[in-house]
Amino acid sequence: MSDKKTSNQMWGGRFASGPAAIMEAINASISFDRKLYAQDIRGSIAHSEMLAQTGIVSAADQEKIAHGLNTILKEIEAGTFEFSTRLEDIHMNIEARLADLIGPAAGRLHTARSRNDQVAVDLRLWVKDECFRVAEALKGLIEALLARADEHAATVMPGFTHMQAAQPVTFGHHCMAYVEMFARDLSRVRDAIERMDESPLGAAALAGTSFPIDRHATAKALGFREPTRNSLDSVSDRDFALEFLAVAAICATHLSRLAEEIIIWSTPQFGFIRLSDSFSTGSSIMPQKKNPDAAELVRGKTGRVTGHLVGLLTVMKGMPLTYGKDMQEDKESVFDAAETLDLMLAAMTGMVSDMTVNAAAMKKAAGSGHATATDLADWLVRTLGLPFREAHHVTGRAVALAEEKKVGLEKLSLEDLQAINPGITADIFSVLAVQNSVKSRTSFGGTAPSEVRRQIRSWKRRIAKA
């Protein structure tokens, strides 16, 4: 069957000839929607089975249709299928090939169905499948972070606000912060699956169909919880794709934040970690360089994912019900965001898993910047009964004295401290060491190694069940 003949048939009697070349170029989507081939064939087989079960097509025709579709699936997966831009999209490419294979019976497949509900179910199936893939990738990343957190539950490092050393924490506690972030991403992915678990197949062009179809049967066959409940919404809805992009953008933002920290930590000025050669590159001119390119690419690709969300939101914002060709723009953004996020998650899991942690550098940095000043203030409140604001003032004077003497708080003498407040005793030095500071933070969710390990145990149980 020639492309021209098929093109004329596809457009029907309304057009005497195929579209002009420029129209063909702007209208065709086969270059990207071919990714939906498996979902399209899966949906078509389920639709044909329902048509046979309801007596709309014969069992013999359905058997031919199913055999032909499975043959096409094998051809596409083997790389022998010939895609044609003249046939616009994946649906018409498959339908045309089906007609070549089985003849007139192929024409019965589109009974009680439109390309509008067909593409809606195809994309929803694809996004749902991708959500499951993202969920598994997130679990892998969380498990990698849990392993590093367990290993470094007591490894002291500086905690920062405004990128200034604030209070000492542990590297395990820092890793667990990202466990919490990515666990929320995992929760969002699963929530999105729950909302998109409805089948639009059978909504037809926009108004449903007069054929006695069984939409519950096709929904069940395709693994959906139930069919959608409004035919207009069914073919015009793309918020499942928007929600996936929103989840992807939030997750990418979390990945970017961790990537940024990895980049900072791996600088000679910090020296907290060292990335393996697998996730680094050298310089073409400076032989001493080891660049954290994988982390930088994760950081950079975040803008790409966020851009796809903004792009599709912009496409959909002015769309009246129901379908408009604008909605063809939904697929490239979803496909690229999914591919990009998959790569980002894999790269970050690899970096977290095999980075080398420099505990000595972390501990040294944790003691800088008078990081135990809050511990001093807390001790004054707890032991001497000072109001916190007064304790804050006394601590500020101690910090000023330490800076004047160019020493850490823990290096001030008892006499120095008593000159500021006579009630201070030698017990104060028990809280000025960073290790003791960290150990004292035993509140729920705090940085004390005992609390970090408790949170790790809890998350390991939760992820094992996830």
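What you see is a predicted model; the values in this text were computed from it and never measured.

Criteria and cut-off values
- Residues numbered from 1 in each chain as written.
- Predicted model: local features only at pLDDT ≥ 70, side-chain atom pairs only at ≥ 80, totals over all residues.
- Heavy atoms only, no water.
- Helix = DSSP H or I, 4+ residues; strand = E, 2+ residues; numbered from the N terminus.
- Rg over C-alpha atoms; globule rule 2.2 N^0.38 Å.
- Buried < 20%, exposed > 50% of the residue type's maximum accessible area, 1.4 Å probe, protein only.
- Areas by Shrake-Rupley, 256 points an atom, 1.4 Å probe, with all protein chains shown as cover.
- Lys, Arg positive; Asp, Glu negative; His and termini not counted.
- Charge placed at Lys NZ, Arg CZ, Asp CG, Glu CD.
- Core = buried A, V, L, I, M, F, W, Y, C linked by side-chain atoms within 4.5 Å.
- Contact = heavy atoms within 4.5 Å.
- Patch = residues over 30% accessible without salt bridge, like charges linked within 9 Å, V, L, I, M, F, W, Y side chains within 5 Å.
- Salt bridge = Lys/Arg side-chain N within 4 Å of Asp/Glu carboxyl O.
- UniProt positions renumbered as here; feature names shortened; annotations may be inferred.
- Pairing = 2+ DSSP bridges.
- Expected span 1.5 Å × (residues − 1).
- Phe/Tyr/Trp six-rings, centres within 6.5 Å; stacked < 30°, edge-to-face > 60°.
- Lys NZ or Arg CZ within 6 Å of the ring centre and 35° of its normal.

Asker: Tell me about the overall build of the protein, and name the residues and values.
Answerer: If you tally the helices and strands in the protein, you get 20 helices and 6 strands. Whereas a compact globule of 466 residues would reach a radius of gyration of roughly 23 Å, the protein reaches 31 Å, over 25% beyond that. Taken along its principal axes, the extent of the C-alpha atoms in the protein is 100 × 55 × 40 Å. Looking at the 466 residues of the protein, the share that counts as buried comes to 50%. Approximately 21900 Å² of the protein is accessible, and the part contributed by carbon and sulfur atoms is 54%. Of note, the protein has its 54 positive side-chain charges centred 3 Å away from the centre of its 57 negative side-chain charges.

Asker: Report on the nonpolar core, specifying residues and quantitative values.
Answerer: Across soluble globular proteins, nonpolar side chains have a tendency to be buried as a group. Formed by 94 residues in total, the largest nonpolar core has its most connected members in Leu255 and Met348. The greatest single-element share of this core, amounting to 16 residues, is contributed by helix H11 (residues 239-265). Here leucine 255 is in contact with Leu141, Phe182, Val298, Leu341, Met344, Leu345 and Met348, once residues within four sequence places are set aside. Residues Ala402, Leu412, Leu417 and Ile428 belong to the second largest nonpolar core, which totals 20 residues.

Asker: Tell me about a nonpolar patch on the surface, and name the residues and values.
Answerer: Taken together, Ile22, Met23 and Ile26 make up a surface patch of nonpolar side chains, about 350 Å² in accessible area. Note that isoleucine 22 resides in helix H2 (residues 21-27).

Asker: So, the UniProt feature "domain: Argininosuccinate lyase C-terminal" (unreviewed entry) in the protein: which residues are in play, and what are the values?
Answerer: The UniProt record annotates "domain: Argininosuccinate lyase C-terminal" (unreviewed entry) at residues 370-439. For residues 370-439, the helix share is 67%, the strand share is 0%, and the end-to-end C-alpha distance is 17 Å.

Asker: Lay out the pairing of strand S1 (residues 156-161) with the relevant residues and their values.
Answerer: In terms of strand pairing, S1 meets strand S2 (residues 164-170) through 5 bridges, oriented antiparallel. Bridged to valine 156 within S2 is threonine 170. Between the antiparallel neighbours S1 and S2 lie 2 residues, among them histidine 162 with a positive phi of about 55°.

Asker: Which residues make up helix H7 (residues 115-151), and what values go with them?
Answerer: In this model, H7 (37 residues) spans 54 Å end to end at C-alpha, consistent with the 54 Å of a helix rising 1.5 Å per residue. For H7, the tally of buried residues reaches 26 of 37 residues, placing the bulk of the element in the interior.

Asker: Report on the packing of aromatic side chains, specifying residues and quantitative values.
Answerer: In total, this model carries 6 aromatic pairs according to the counting rule given. Between phenylalanine 160 and phenylalanine 270 the ring centres are 6.2 Å apart and the planes differ by 50°, which places this aromatic pair in the tilted class. Separated by 110 residues along the polypeptide, phenylalanine 160 in strand S1 and phenylalanine 270 in the loop between H11 and strand S5 (273-274) bring together distant segments of the chain. Given a relative accessible area of 28%, phenylalanine 160 falls into the partly exposed group. The class of phenylalanine 270 is partly exposed, set by a relative accessible area of 25%. Here the aromatic cluster, defined as three or more aromatic residues joined through ring pairs, consists of Phe160, Phe270 and Phe272. Geometry around tryptophan 126 places arginine 133 over its ring, the cationic atom sitting 5.7 Å from the centre.

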